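So you can see what is in the structure, the chains are spelled out below.
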Amino acid sequence: MLNCIDNSGAAIVECVAVMKKRGMRPTASIGDRIIVVVQKQRSFGQEGPGGGSLSIANKVKRGDIRHAVVVRAHKEQQRKDGSYVKFDDNACVLINKSGDPIGTRLTSVVGAELRDKKWSKILSLAPLHV
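Residues numbered from 1 in each chain as written. Predicted model: local features only at pLDDT ≥ 70, side-chain atom pairs only at ≥ 80, totals over all residues. Heavy atoms only, no water.

Identification of the protein chain as 54S ribosomal protein L38, mitochondrial from Lithohypha guttulata is taken from an unreviewed UniProt entry. Heading Sequence similarities (unreviewed entry) of the UniProt record for the protein chain holds this comment: "Belongs to the universal ribosomal protein uL14 family." (UniProt positions renumbered as here; feature names shortened; annotations may be inferred.)

As structure tokens, this is what we get:
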């Protein structure tokens with residue numbers, strides 16, 4: 001389970017596959033492309049009639065299968081200078097098949113390893129790179 005940190009409408013997603021990695025159980029690190037299923041939707045706006053929230057701004061809905069990029073990982077990762085980076089949670093950003101982010105805003109920090117893997121569009125939306 002990963003947190004989705006963009007404003008595409010997904011709150012929590014589940015990874016079902018890691019792209020371009022082989023092995024019995026491939027693991028994803030920062031900057032890897034994965035396939036996810038939206039498990040929980042983020043609610044924007046006020047309550048609608050009947051108690052359901054209006055989700056006009058949501059670009060994705062529960063059960064959608066989408067591509068995503070891992071931007072934070074709980075597993076520590078060694079950088080080129082010898083230091084290690086480790087985040088408190090696992091987080092991703094939803095993208096379309098051509099690699100452009102679905103959302104227009106990111107809510108929290110992303111790993112600087114995205115620069116090495118050519119995800120400059122995600123870095124330009126992020127408020128801070130760590």
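We are not done yet, so read on.
### Topic: the pairing of strand S3 (residues 33–41)
Relative to S3, strand S2 (residues 10–18) is paired through 7 bridges, and the arrangement is antiparallel. Within S3, the position partnered with Cys15 by the bridge is Val36. Sheet analysis places S3 next to strand S4 (residues 65–72), joined by 5 bridges and oriented antiparallel. Residue Val37 lies in a different strand from S4, and its bridge partner there is Ile65. (Pairing = 2+ DSSP bridges. Helix = DSSP H or I, 4+ residues; strand = E, 2+ residues; numbered from the N terminus.)

### Regarding the sheet that holds S4
Strand order in this closed barrel of 5 strands is S1-S2-S3-S4-S7, and the pairing throughout is mixed. Between one strand and the next, the sheet's axes are offset by a mean angle of 50°, whatever the strand orientation. Here 2 bridges tie strand S1 (residues 2–4) to S2, and the two strands are oriented antiparallel to one another. Residue pairing for S2: Leu2 is matched across the bridge by Val13. (Axes fitted to C-alpha atoms, helices over the stretch in contact; angles between N-to-C directions.)

### Concerning unusual backbone geometry
In this structure, Lys20 is a non-glycine residue whose phi angle is positive, near 60°. Relative to the assigned elements, Lys20 resides in the loop between S2 and S3. Taking the relative accessible area as the measure of exposure, Lys20 reaches 86% and is therefore exposed. Even without glycine at this site, Lys118 takes up a positive phi of about 65°. Mapped onto the elements, Lys118 comes out in the loop between helix H1 (113–116) and helix H2 (120–125). (Buried < 20%, exposed > 50% of the residue type's maximum accessible area, 1.4 Å probe, protein only.)

### What about the environment of His74?
Along the chain, the position of His74 falls in the loop between S4 and strand S5 (77–78). Look at His74 and you get partly exposed, because its relative accessible area is 39%. In sequence terms His74 and Ser29 are 45 residues apart; their C-alpha atoms lie 9.2 Å from each other. Excluding residues within four positions of it along the chain, His74 makes contact with Lys86, Phe87, Asp88, Asp89 and Asn90. A polar contact is formed between the side chain of His74 and the backbone oxygen of Phe87, at a distance of 3.0 Å. (Contact = heavy atoms within 4.5 Å. Polar contact = N/O pair within 3.5 Å; in protein donor to acceptor, adjacent residues only side chain to side chain.)

### Looking at the pattern of salt bridges
Scanning the entire structure with this criterion turns up 8 salt bridges. When the shortest N-O distance is used, the salt bridge between Asp89 and Arg72 registers 2.9 Å. Of this pair, Asp89 sits in the loop between strand S6 (84–85) and strand S7 (91–95) while Arg72 sits in strand S4, and the two are 17 residues apart along the sequence. A residue is classified by how much of its surface remains accessible, and Arg72, at 8% relative accessible area, is buried. (Salt bridge = Lys/Arg side-chain N within 4 Å of Asp/Glu carboxyl O.)

### A look at the state of the cysteines
Within the structure shown, the criterion is met by 0 disulfides. Unpaired in this structure, Cys4 has its nearest cysteine sulfur neighbour in Cys92, at a distance of 4.8 Å. The structure places no disulfide on Cys15, whose sulfur is separated from the nearest cysteine sulfur, that of Cys92, by 8.6 Å. (Disulfide = S-S within 2.5 Å.)

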